[in-house]
Structures are given as C-alpha cells and as structure tokens.
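# Remarks on the overall topology
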Amino acid sequence: MSGKESLSLDEFATAPRRQRAAASLSPDRTGDESPDAPQSAPAPAAREEAGRGAASSEASKALRQMKRARMKGASHFVNVNLDRDTKRRLKLASFNLGTSMQALMENAIRQYLDANGF
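Procedures and definitions
Residues numbered from 1 in each chain as written. Predicted model: local features only at pLDDT ≥ 70, side-chain atom pairs only at ≥ 80, totals over all residues. Heavy atoms only, no water. Helix = DSSP H or I, 4+ residues; strand = E, 2+ residues; numbered from the N terminus. Buried < 20%, exposed > 50% of the residue type's maximum accessible area, 1.4 Å probe, protein only. Areas by Shrake-Rupley, 256 points an atom, 1.4 Å probe, with all protein chains shown as cover. Patch = residues over 30% accessible without salt bridge, like charges linked within 9 Å, V, L, I, M, F, W, Y side chains within 5 Å. Salt bridge = Lys/Arg side-chain N within 4 Å of Asp/Glu carboxyl O. Expected span 1.5 Å × (residues − 1). Axes fitted to C-alpha atoms, helices over the stretch in contact; angles between N-to-C directions. Parallel < 35°, antiparallel > 145°, perpendicular 65-115°, else oblique. Contact = heavy atoms within 4.5 Å. Nonpolar A, V, L, I, M, F, W, Y, C, P; charged D, E, K, R; others polar. pLDDT = per-residue confidence, 0-100.

## Topic: the overall build of the protein chain
- Each helix and strand in the protein chain was counted, giving four helices and zero strands.
- Helices and strands appear in the protein chain in the N-to-C order α-α-α-α.
- Here the protein chain holds 118 residues, and the buried ones make up 4% of them.
- Summed over all atoms, the accessible surface of the protein chain reaches about 11200 Å², with 56% contributed by carbon and sulfur.

## Let's talk about a nonpolar patch on the surface
- Taken together, the side chains of Ile109, Tyr112, Leu113 and Phe118 define a hydrophobic patch exposed on the protein surface, amounting to about 470 Å² of accessible area.
- If you trace the backbone, Phe118 turns up in the segment after helix H4 (101–115).

## Observations concerning helix H3 (residues 84–97)
- For H3, built from 14 residues, the straight-helix expectation of 20 Å at 1.5 Å per residue is met to within 8% by its first-to-last C-alpha distance of 20 Å.
- Just downstream of H3, Gly98 is the residue with a positive phi angle, here 70°.

## A look at the packing of H3 against H4
- H4 packs onto H3 with a crossing angle of 110° between their chain directions and a minimal axis gap of 9 Å. What the angle tells us is that H3 and H4 run roughly perpendicular. Of the residues in H4, those in contact with Lys87, Leu90, Lys91, Ala93, Ser94 and Leu97 of H3 are Met101, Leu104 and Met105.
- Looking at the contact of H3 with H4 residue by residue, the classes come out as six nonpolar, one polar and two charged.

## Side note on the confidence of the model for the protein chain
- The predicted model of the protein chain has a mean per-residue pLDDT of 77, with 66% of residues at 70 or higher.
- Here helix H1 (residues 21–24) stands out as the least confident element of the protein chain, with mean pLDDT 59; H3 is the most confident, with 95.

## Topic: H4
- Between its first and last C-alpha, H4 extends 21 Å over 15 residues, near the 21 Å set by a 1.5 Å rise per residue.
- The positive-phi residue at the C-terminal boundary of H4 is Gly117, with phi of around 80°.

Structure representation (structure tokens):
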C-alpha cells in the first residue's frame, strides 16, 4: 500500500453490537419483538448510571471524611534525626513487635516525659 492509498471504515470487519442484558429482561418488552427493533425506553440504563454516579460520589465523600478524621489526631509532626544504628534498632524492634516505628517513638517519648515529670 502506498502513502496515498487509504482505507475506508467499510473495509474493516466489525462485530455486531451486543444487546444489554438489562434491556432484554425489562418487563415492558414482549418476547415476540425482534432484537433489531429500536428500544422505546433507555431510561432504566440512564437511571442505573445515575445511581452508580451518586453512589460513587457518596463513597468518595465518605472516604474524604474518613481521611480527615484520621488526620485530626496526627496533625502535629516532629522530625527526629537518628543515627544509623538507632534507626536500624528501631526498625528491627518495630518488625519484631509487629507495630509501627511511630508507635514505638510515641511510647518512648511519653515514657521519657512521664519519668521526668513533664
């Protein structure tokens, strides 16, 4: 094929469109209609998509609220410089205890502050 030749859409083999299962099971259709006949009411599909969209927006809103609630308690961060050995020991301890390094640091700081009367 040279650069000037082009293909038309009629030259490509395409599969026939698939009928929707929800439309074929609707109660207003009778079994004697042909599958090629135009459907009179696309409203169930539109309502279904609108319902999914509403559920999706509700889910995303709930997820945002959950993230906000989780971050309320963790709004104050402290950067701590640790030497490599201490960091390695902290990482090993968190792995062996099955807890996070943050939880270990919080407990150590609380214990230190309580022991010194702060």
